[in-house]
Structures are given as structure tokens and as C-alpha cells.
Amino acid sequence: MKKILKGARVIDPNRKVDEVRDILVVDGSIAAMEKKINISGAQVIDLTGLILTPGLIDMHVHFREPGYEYKEDIETGSRSAAAGGFTTVACMPNTKPPVDNAMMVEYVKSRALKSGLVRVLPIGCVSKGLEGKEIAEMGDMVEAGAVAFSDDGRPVADSSLMRKALMYASMFDRVIIDHCEDPGLFEGGQVNEGYISTLLGLQGIPASAEETMVARNILLARETGTRVHIAHVSTKGSVELIRRAKAEGVKVTCEATPHHLTLTEEAVVGYDTNAKMNPPLRTKEDVEALLEGLKDGTIDVIASDHAPHSIDEKDVEFDKASFGIVGLETSLGLILNHIVGEGKLNLGQAIEKMTIGPARALGIDAGSLTIGKPADITVIDPDLEWTVDKNKFFSKGRNTPFHGWKLKGKAVLTMVGGKIVYADENISDDNINRAEILKASYK
Amino acid sequence: MRGGNTVLSQKHLLGLEKATKRDIEQILDTAESFKEIIDRDVKKVPTLRGKSVVNLFYEPSTRTRTSFELAGKYLSADTINFSSSGSSVQKGESLKDTAKTLEMMGIDAVVIRHSSSGAAEFLSRHVSAKVINAGDGTHEHPTQALLDMLTVREKKGTLSGFKVAILGDILHSRVARSNIFGFTKMGSEVYVAGPQTLMPREIEKMGAKVAKNMDEAIDGADVVMALRIQLERQKKGLFPSQREYSRLFGIDKKRLSLAKPDALLLHPGPVNRGVEISSEIMDGSQSVINEQVKSGVAIRMAVLYLLIGGARQ
């Protein structure tokens, strides 16, 4: 089966491409990228006026399966990813049971394969049972397909364990992703420590809770010569620590989330549990530091930390509510509007943080348009105006502080291995077989 | 007093942050007029006859609950007490479900005490009844602040132009937060002091001034308010010992003498005698701690009246 994706502005930051090109897809792979491609017998999809990028990658999502399927399962998570323009996601292992052995890695892979939508890369636990005591069987998990290791949802609190994990994982060329939070400094925290925590009478989480762990991880990465990835950086101090470490040549990468880039702690006023996340939303100064970090390359990746919860876990008293929000379906729109639209990054830089950036951080061969490689492609309509409606999410989660936000720019077509896994209702090309997509999405 | 102009600017009383100066004045004026009822032989007026009030107490609090209960009863409202122990809450019922149940019962006002900050606001989103915050976590305790203000106003005749010192565990005190909003709105200056580990960040943005130490806060004060120390805070290492606390942060005669000679001494109670306040001054002439309790009933009568009875002709 041949497809020609015609007339889009192709942006591939890895190849420094930004021009109108046609792309030929043959048997699921990219066969050619030329100014004009005209061959007979191919399905032609007209993408004039749209932007075509390598398939977006989100290296930090929670699909909750197994154990918490009522929040999300791998299939609904995949559908949500496809609708958000993501072709590859890396799935955190804090499920029940956690993904801490090869069998569990296989399970996640098999469930993802069955849903047949986006590429779901399992992340294995750093420690057995997420208990933070002994390192998990990383070698086995790597053989089974684990792409990285993390105890996300909680930090690797024991510095000795973290040191061993970094050294052990490096044998397999896999990165440790750490949720940086000093448990003692966190201590029942609910929101950023500052005026808002004082005003609302909520236990504050100081910036130092994150920064001490970021500093520790940098020291361990420097000492062991191995690579560490800092998940969801949220403070100015963390950005400064990472910037300095990178300048010294320490192997550290990091990510920021769309919500930490667009919201401040003010969002929790009124006890809105949809603004309760961990790390918490911080101050304007922190947000500005994150934007600066994105711009100067300190922050490598934009990741959603997609964390679906049921309504019963959010529609409760603030201190009883679960941390986290869904993000896959709002991520790109928020970045296009509030980061690119407001001139914080140019479009190419933003795409880089969502394609080759995460691919490099994970050490996977993806995030770029390459002849002969699978056609993982995202098509964006930069002018499409839409309103975030949590009731229309493909995710089971409705926990978003962005409900009702008006955004401009959206993924309208997502292709994984040449197969269209999502086509927005606003894309009006007769050559897109909606019945086929629907079948693929709901099989 | 009756008539449309007695209605408060807010539908609920969730805190004093959003209350206007006029709201506060209205509550205090109403409370003052109700206070006389408490001294009557027959303490009952028909003002809220036919109205129902639920005291929803998720935290034990004998004095606040009793105060609200009496306030309702003195005004002839039907008051029901609901405490979390021995109720469906222990069976796992959520606050939201409890709210729905109350909603179906046609309750006019819900008085809620809860360990979670924001619980009163949460409840107000789920019921059409008027919600009165009787203390939510470490957020606000508006009726306590109002009764403090009523006590001070009665003694001093006004609430403006004073130096008010609030002392002790500010971090965990809902009373402190409500009093900062209340007294500053009425035109007084509020100083806070206490152990640095119990001082919330950026509290000055709420309108309070952070004193360097206890003596600076008390120096020349018109009102000195000590806060209750939760003894479990000591176990969390927020201060080393009760002994040291009472020495460094307790208020005794000598320290109180730094305040104006006619300064009033307040405490939301119950007092840890000898820790926050020495027995000598607690029972001394400047202490209005017992009078605060009486003001409490009057304030709660006023709040109930203004929220569920005040709009009626």
C-alpha cells in the first residue's frame, strides 16, 4: 500500500528540515521525501497548509494497567496518545503489580500490541516492588524490552540504591529517570510552599524538596560517569543545577511538563484538585526559569506526565485528592499556544522537545523522518481553533485544569508505521478512510 | 434589623478573606444585639423557627460545637449534631455523599468542622444550604475571629488603630489566618511572632507584619493573642520541648507588661496552662478568655441569623 502525504510543511528538527515536501509511504515505511512526488496507484492525502513532523514522543505517561484500569488502560491511554499526536509513549511502571520484572514488561508490550495503536515502550522499576530497597532485575527487563528505569511516583530515596542503579543500568545503556523529591522535605505536602500554601492553609512542598534530590543525582551521575534523567523539573533552582551540571559535562537530561510551563501555584486557589500535582505548580519565577531552560537547551524534553485518575479520586477534599492530571490530549495545543504562540520557543524548537529530544533522552531510534524507517508521523493544523473539553477526551481521565481553554493548533492526523491511528474530524480529505481508522481505534 | 439590607455579601461564611468590612460590622452589630438574649431567663426567640441547621463535625470540638448548637437553639432553629465517629463516615462515606444526603433532607445551614483545609468550600459546591466554616484544617476559622473581634470591640469600643499581636504556632493556626484578615480589614495592624519553624512563608502578603521576636510583637500592643500549641508538633521536631517553648514563646506577666497597660489577653482555648500563657495572667485582669466564650454564642447566632434568617421579611 502506497500513500503520498502531499504539500505539508515538513519540520524535522533532527535533520534541520523546514520546507514543503511530499512524503511517500510504502508498506508502512518512509520511502521518499521530495519536493514533488507523483506516482500512480498511491493514496494521496492532501496536507496543504498543515505541518508534518516526526511522530511526537511522550516519554512520561501513566497508563495504569495492570491494577488501576478504572483510571486508564493501555488501550484508552493509547487512543488518548494518538489523539494528542503522539506515536510513541514510554509508560511508567508504578502499576499494581508494578513492572519490576521481565514478565510484566512482556505484559505491557503484549497489551499495547493488542490495542495496535501507538508504540508503548515499557519503563521498568528501579527497585523491586517500588520499595526502594533492592535494585530490580534490570538485565532481564532490558532483554524483554524495557526502555528505561524509574520508580516514578516516588523518588529513589536511598542514595546508595540510586548509585548502584545508575551503575547497573549503564551496563545495558539504559537511563534512570528519577522523580526528584526528598521525602523528609516533602512530608505530607500538598502545594508549593509559599504564599498560596499559607493562604489556603495547605502543607507546603518547598523547592528544596526537589532541588536536593536533583543535586544528589547530579553528584552521583558525575561520580559514576553514568546518565540520569530528571523527570518533571519544576523549580528555578533545579534548572540552574542542571544547567551547571551540563556545562561541566555531567550526563544529565531532563524534562518539563506543559502544565509546569503554563500554570502557576495560583491555579490551586479555590482548592481546585485538578491543579494538584506532584511536583506542585510553582511560582511565576519558576515558570520563567523553565522557559529559559527550554530555550537554552538545559531542558531537553517536554513530557506530559499523563496521570489519569477517576472522578472519585479528585472530587474530594484537597488533601485527600490524588496528585496529577491527564496531559496527552492537551500537551501539543498548550505548547503551540503558550510556548510557541507567545514566542518563548520557535516551532522547530518546540517540535524538537517533543520528538528527537525524548528519543535521545531514552536512547531510542525514533524522533526523525528517515528513509527506510517506519512512517511515524504527526500532522498538525497550526490554525485550528478548538476548546479543551474533558468530556471528549479519549482518555478515561477527566482530571485537567485546562477544561474550557481555547487553543489554536492541534494534531489532526497521527500515523504509526504508515497506519493512520487518528484523524481529527476537522481534517477534510476524502482519501482518509475514517471507517478504517475507527476500526483500528476500537478493535 | 430585619430586611433585605441585612444580607451578607457572601452566600456562605467560608472565611474572612473574602468577607467585606461591612459584612464584619454587620455580624458584630447583630451579635451585640443578640448577646442580651443569652442573659435572659428564657433564652429563646422565635427568629429561626422552622429552620434546620446541621452541625457536621469531622473533628472533635466540644466548645465550638456546643456554641453553634446553643446559638441555633436560642434562635429556635432545629439543630442536629453529626459527628464522624459512629456515623456513616466511619463506614467510608465521602464528604460529597454526605453532602448529597443533607441536600435531600432540606437543611438550611450546615456548620462544618473538618481536618482538611478547603473542606467547607468543597461542601459549598455540593449543597444549596448555607455553609458555615467552623474550622477547616489550617485554613480559616471565621467565627472564632469574629468572636475575638466582638470581645475586643466591646472592651475597647472600636477595632481600628490597634496593634494586635498574634503569637505562637501561626503555621498551623486557622484562628490566626482569620484574625489577620479580620483585624486588618477593620483598620488594625497585626503582628505575628513565634518559632521560625511555625511561621508560614510569605504571611506578610496576607497583611500581617512579621515581628523579629515575641517582645517586638508585644511591645505596645493593644491586643495580645496567644495560640494553642498542638503537642504533637513537638514530636515532629518543630520545636524542641514544651519547656523551651514556654520559656522562649510563652507569655507571662513580665512579657505582657511590654504591651499597653490596658491591653487585652486572648486565647482561642483550650489553653495549655503554663505553656502558652502563665496561670497568673490567664486568670488576671487583662484576660478576656472567658468572655470570648460568651461572645462565641452571640457571633454564631448572628451568623446563622444573617445567613438563613436575615433575608426574610
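- Within an unreviewed UniProt entry, the label attached to chain A reads Dihydroorotase, and the organism entered is Biomaibacter acetigenes.
- Under the UniProt heading Catalytic activity (unreviewed entry), the entry covering chain A gives this text: "(S)-dihydroorotate + H2O = N-carbamoyl-L-aspartate + H(+)".

## With respect to the overall build of chain B
(1) Moving on: If you tally the helices and strands in chain B, you get 12 helices and nine strands.
(2) Moving on: Here the C-alpha radius of gyration of chain B, 19 Å, is about what a compact globule of 313 residues would show, namely 20 Å.
(3) Moving on: Split into buried and exposed, the 313 residues of chain B put 58% on the buried side.
(4) Moving on: The long-range share in chain B, meaning contacts at least 24 apart out of those at least 6 apart in sequence, stands at 74%.
(5) Moving on: As displayed, chain B offers around 12,700 Å² of accessible surface, 50% of which is attributable to carbon and sulfur atoms.
(6) Moving on: Separation of charge centres in chain B, based on 45 positive and 36 negative side chains, amounts to 3 Å.

## Quick word on the environment of K96 of chain A
Residue and element names in this part refer to chain A.
(1) Moving on: Examined against the element boundaries, K96 turns out to sit in the loop between β7 (86–91) and α2 (102–115).
(2) Moving on: With a relative accessible area of 55%, K96 lands in the exposed category.
(3) Moving on: For the pair K96 and E65, spaced 31 residues apart in sequence, the C-alpha separation works out to 7.6 Å.

## Concerning the environment of F183 of chain B
Residue and element names in this part refer to chain B.
(1) Moving on: On the secondary structure map, F183 appears in helix α6 (residues 174–185).
(2) Moving on: In this structure the C-alpha to C-alpha distance between F183 and A134, which are 49 residues apart in sequence, comes to 18 Å.
(3) Moving on: When sequence neighbours within four positions are dropped, the list of residues in contact with F183 reads D148, M149, V152, L159, V164, S188, V190 and M225.

## Notes on the packing of helix α1 (residues 21–38) of chain B against helix α5 (residues 142–156) of chain B
Residue and element names in this part refer to chain B.
(1) Moving on: The interhelical angle for the contact between α1 and α5, taken along N-to-C directions, is 70°, at an axis separation of 10 Å. As judged from the angle between their axes, α1 and α5 are roughly perpendicular. As for how α1 packs across α5, the hand of that crossing is right-handed. Note on element contacts: α5 touches α1 through L146, M149, L150, R153 and E154, opposite I24, E25, I27, L28, D29, A31, E32 and K35.
(2) Moving on: Counted by class, the contact of α1 with α5 contains seven nonpolar, no polar and six charged residues.

## Focus on the environment of D252 of chain B
All names here are of chain B.
(1) Moving on: Position of D252 relative to the elements: it lies in the loop between α9 (242–249) and α10 (253–256).
(2) Moving on: Residue D252 is classed as partly exposed on the basis of its relative accessible area, which comes to 36%.
(3) Moving on: The sequence separation of D252 and V131 amounts to 121 residues, and the corresponding C-alpha distance is 39 Å.
(4) Moving on: Each residue touching D252, except ones within four places of it in the same chain, is listed here: S278 and I281.
(5) Moving on: A polar side-chain atom of D252 sits 2.9 Å from the main-chain amide nitrogen of R255.

## Examining the side chain of S368 of chain A
All names here are of chain A.
(1) Moving on: Positionally, S368 belongs in the loop between α14 (356–362) and β16 (377–387).
(2) Moving on: At 2.9 Å, the side chain of S368 forms a polar contact with the side chain of D12.
(3) Moving on: Within the structure, the side chain of S368 is placed 3.0 Å from the side chain of N14, a separation counted as a polar contact.
(4) Moving on: With residues near it in sequence (within four places) discarded, S368 still touches D12, N14, R15 and P54.

## Quick notes on the nonpolar core
(1) Moving on: If you look at the biggest cluster of nonpolar residues, it comprises 85 residues, and the most contacted ones within it are L146, M149, I166, V192, I299 and M301 of chain B.
(2) Moving on: The greatest single-element share of this core, amounting to 11 residues, is contributed by helix α12 (residues 289–309) of chain B.
(3) Moving on: No fewer than three residues from each of domain 1 (2–52 + 373–440) and domain 2 (55–362) of chain A sit in this core.
(4) Moving on: When residues no more than four places from it in sequence are discounted, the contact partners of M149 of chain B are L16, I24, L28, L159, G182, F183 and M186 of chain B.
(5) Moving on: In terms of nonpolar packing, the next biggest core, distinct from the first, is built from 74 residues, V105, A165, V252 and V421 of chain A among them.

## Section: the UniProt feature "binding site: substrate" (unreviewed entry) in chain A
All names here are of chain A.
(1) Moving on: The positions that UniProt labels "binding site: substrate" (unreviewed entry) are, in the present scheme, H62, F63, R64, N94, N278, H309, F323 and G324.
(2) Moving on: Mapped onto the elements, R64 comes out in the loop between β6 (56–61) and α1 (74–84).
(3) Moving on: You can call R64 buried: its relative accessible area is 9%.
(4) Moving on: When you line up the elements, G324 lands in the loop between α11 (311–314) and α12 (331–340).
(5) Moving on: Those residues in contact with G324, other than ones at most four positions away along the chain, are K276, M277, A307, H309, K314 and N399.

## Things to note about the UniProt feature "binding site: Zn(2+) 2" (unreviewed entry) in chain A
Residue and element names in this part refer to chain A.
(1) Moving on: Look at the UniProt record and you will see "binding site: Zn(2+) 2" (unreviewed entry) annotated at D152, H179 and H232. With the annotated positions falling across 81 residues, the maximum pairwise C-alpha distance of 10.3 Å places them together in a single cluster.
(2) Moving on: Checked against the element boundaries, D152 lands in the loop between β9 (148–150) and α4 (159–170).
(3) Moving on: Overall, the relative accessible area of 3% leaves D152 in the buried class.
(4) Moving on: D152 has contacts with H60, H62, M92, N94, H179, A231, H232 and D305, leaving out every residue within four places of it along the chain.
(5) Moving on: At 3.0 Å, the side chain of D152 and the side chain of H62 are in polar contact.
(6) Moving on: Among the secondary structure elements, H232 is positioned in the loop between β13 (228–230) and α8 (236–248).
(7) Moving on: What makes H232 buried here is its relative accessible area of 2%.
(8) Moving on: Among residues more than four places away in sequence, those in contact with H232 are H60, D152, H179, E210, E255, T257, H260, N278, P279 and D305.
(9) Moving on: At a separation of 3.5 Å, a polar atom in the side chain of H232 contacts the side chain of H179.

Reading the values: rules and limits
- All chains use their own residue numbering, which begins from 1 and follows the written sequence.
- Chains and ligands are labelled sequentially in the order written, the chains with letters from A and the ligands with numbers from 1.
- Under the rules for a predicted model, residues below a pLDDT of 70 receive no local features and side-chain atom pairs below 80 are neither given nor counted, while totals for whole chains, interfaces and linings still include all residues.
- The basis for every side-chain value is the complete set of heavy atoms in the structure, and neither hydrogens nor water enter the calculation.
- UniProt positions are given in the numbering used here, feature names are shortened, and annotations may be inferred rather than shown by experiment.
- The helix and strand labels rest on DSSP assignments: H or I over at least four residues marks a helix, E over at least two residues marks a strand, and numbering proceeds from the N terminus.
- Using C-alpha atoms as the atom set, the radius of gyration is obtained and then compared with a globule rule of 2.2 Å times the number of residues to the power 0.38.
- Here's how the labels work: a residue is buried when its accessible area is under 20% of the maximum for its type, exposed when over 50%, partly exposed in between, all with a 1.4 Å probe on protein chains only.
- Only heavy atoms matter for contacts: two residues are in contact if any of them lie within 4.5 Å across the pair.
- Here the accessible surface of atoms and residues is derived via Shrake-Rupley with a 1.4 Å probe, and residues count as covered only by protein chains that are part of the display.
- Only four residue types enter the tally: Lys and Arg on the positive side, Asp and Glu on the negative side, with His and both chain ends excluded.
- A charge is said to be at NZ when it belongs to Lys, at CZ for Arg, at CG for Asp and at CD for Glu.
- Axis lines are fitted to C-alpha atoms, over the contacting stretch for helices. Their N-to-C directions set the angle, which ranges from 0 to 180 degrees.
- Any angle between 65 and 115 degrees counts as roughly perpendicular, while under 35 counts as roughly parallel, over 145 as roughly antiparallel, and the rest as oblique.
- By the definition used in this description, the sense in which the near helix is turned from the far one sets the handedness, with an anticlockwise turn below a right angle giving left-handed and a clockwise turn giving right-handed.
- Under the grouping applied here, Gly and all other residues not named as nonpolar or charged are polar, the nonpolar ones being Ala, Val, Leu, Ile, Met, Phe, Trp, Tyr, Cys and Pro and the charged ones Asp, Glu, Lys and Arg.
- What qualifies as a polar contact is a pair of N or O atoms within 3.5 Å, subject to a donor-acceptor requirement within protein and to the restriction that residues adjacent in sequence count only when both atoms come from side chains.
- Among buried residues, those of type Ala, Val, Leu, Ile, Met, Phe, Trp, Tyr and Cys that are joined through side-chain atoms within 4.5 Å constitute a nonpolar core.
- The domain boundaries here were taken from an automatic or database domain assignment.

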